[in-house]
Amino acid sequence: MTKKIINLLILLPLGIILIVFCVANRQSATLALNPFRPEDQVLSLHAPLFVLLFVALILGMVVGAAVTWVNQGKHRKRARNQSREAVHWHAEADKHRSRAEQIAGQLPSK
């Protein structure tokens, strides 16, 4: 219940702000991808300004997530190796425990 209220208090104003932003920036803008001839229609994109801004935001988030994922690869690799090592040592300990119980069972009782 508390999570729903917090989400409502955060997401509702954020949604309202985004809607106002989209309405205020709905005029068409041109994104020219050719720096030498900006008037070239082949390498340009016409869209409302808020669409271009949202695409840039989403693209930035995807690139940032990819870079973070690549940079954390060494930590994931170390965690996998340590997990395999832990499984190996647990199996080794179980083998020694069963061997110790077997030896203890063979000792004469007093």
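Coordinates for the structure precede this section.
These numbers were taken from a predicted model, which means no experiment stands behind them. (Residues numbered from 1 in each chain as written. Predicted model: local features only at pLDDT ≥ 70, side-chain atom pairs only at ≥ 80, totals over all residues. Heavy atoms only, no water.)

Student: When you look at the overall build of the chain in this model, what are you seeing that I'm missing?
Tutor: Within the chain, the regular secondary structure consists of three helices and two strands. Since a compact globule built from 110 residues should have a radius of gyration of about 13 Å, the 30 Å found for the chain marks it as more spread out than a globular shape. Viewed in the frame of its principal axes, the chain has a C-alpha envelope of about 100 × 45 × 15 Å. Considering the chain as a whole, with its 110 residues, one finds that 9% of them fall into the buried category. Carbon and sulfur atoms provide 69% of the accessible area of the chain, an area that totals close to 9,800 Å². Side-chain charges in the chain split into 14 positive and 6 negative, and the spacing between the mean points of these groups amounts to 6 Å. (Helix = DSSP H or I, 4+ residues; strand = E, 2+ residues; numbered from the N terminus. Rg over C-alpha atoms; globule rule 2.2 N^0.38 Å. Buried < 20%, exposed > 50% of the residue type's maximum accessible area, 1.4 Å probe, protein only. Areas by Shrake-Rupley, 256 points an atom, 1.4 Å probe, with all protein chains shown as cover. Lys, Arg positive; Asp, Glu negative; His and termini not counted. Charge placed at Lys NZ, Arg CZ, Asp CG, Glu CD.)

Student: Sorry if this is basic, but what is going on with the pattern of salt bridges here?
Tutor: Side chains that carry opposite charge are capable of pairing whenever their charged atoms lie near each other. Applying the stated criterion to the full structure yields three salt bridges. We note a salt bridge from Glu 39 to Arg 37, for which the minimum N-O separation is 3.7 Å. On the basis of relative accessible area, Glu 39 is assigned to the exposed category, the value being 53%. Residue Arg 97 pairs with Asp 94 through a salt bridge whose shortest N-O separation is 2.7 Å. One end of the pair is Arg 97 and the other is Asp 94, both in helix 3 (residues 73-106) and three residues apart, which spans about a single turn. Judged by relative accessible area, which is 48%, Arg 97 ranks as partly exposed. Look at Asp 94 and you get partly exposed, because its relative accessible area is 44%. (Salt bridge = Lys/Arg side-chain N within 4 Å of Asp/Glu carboxyl O.)

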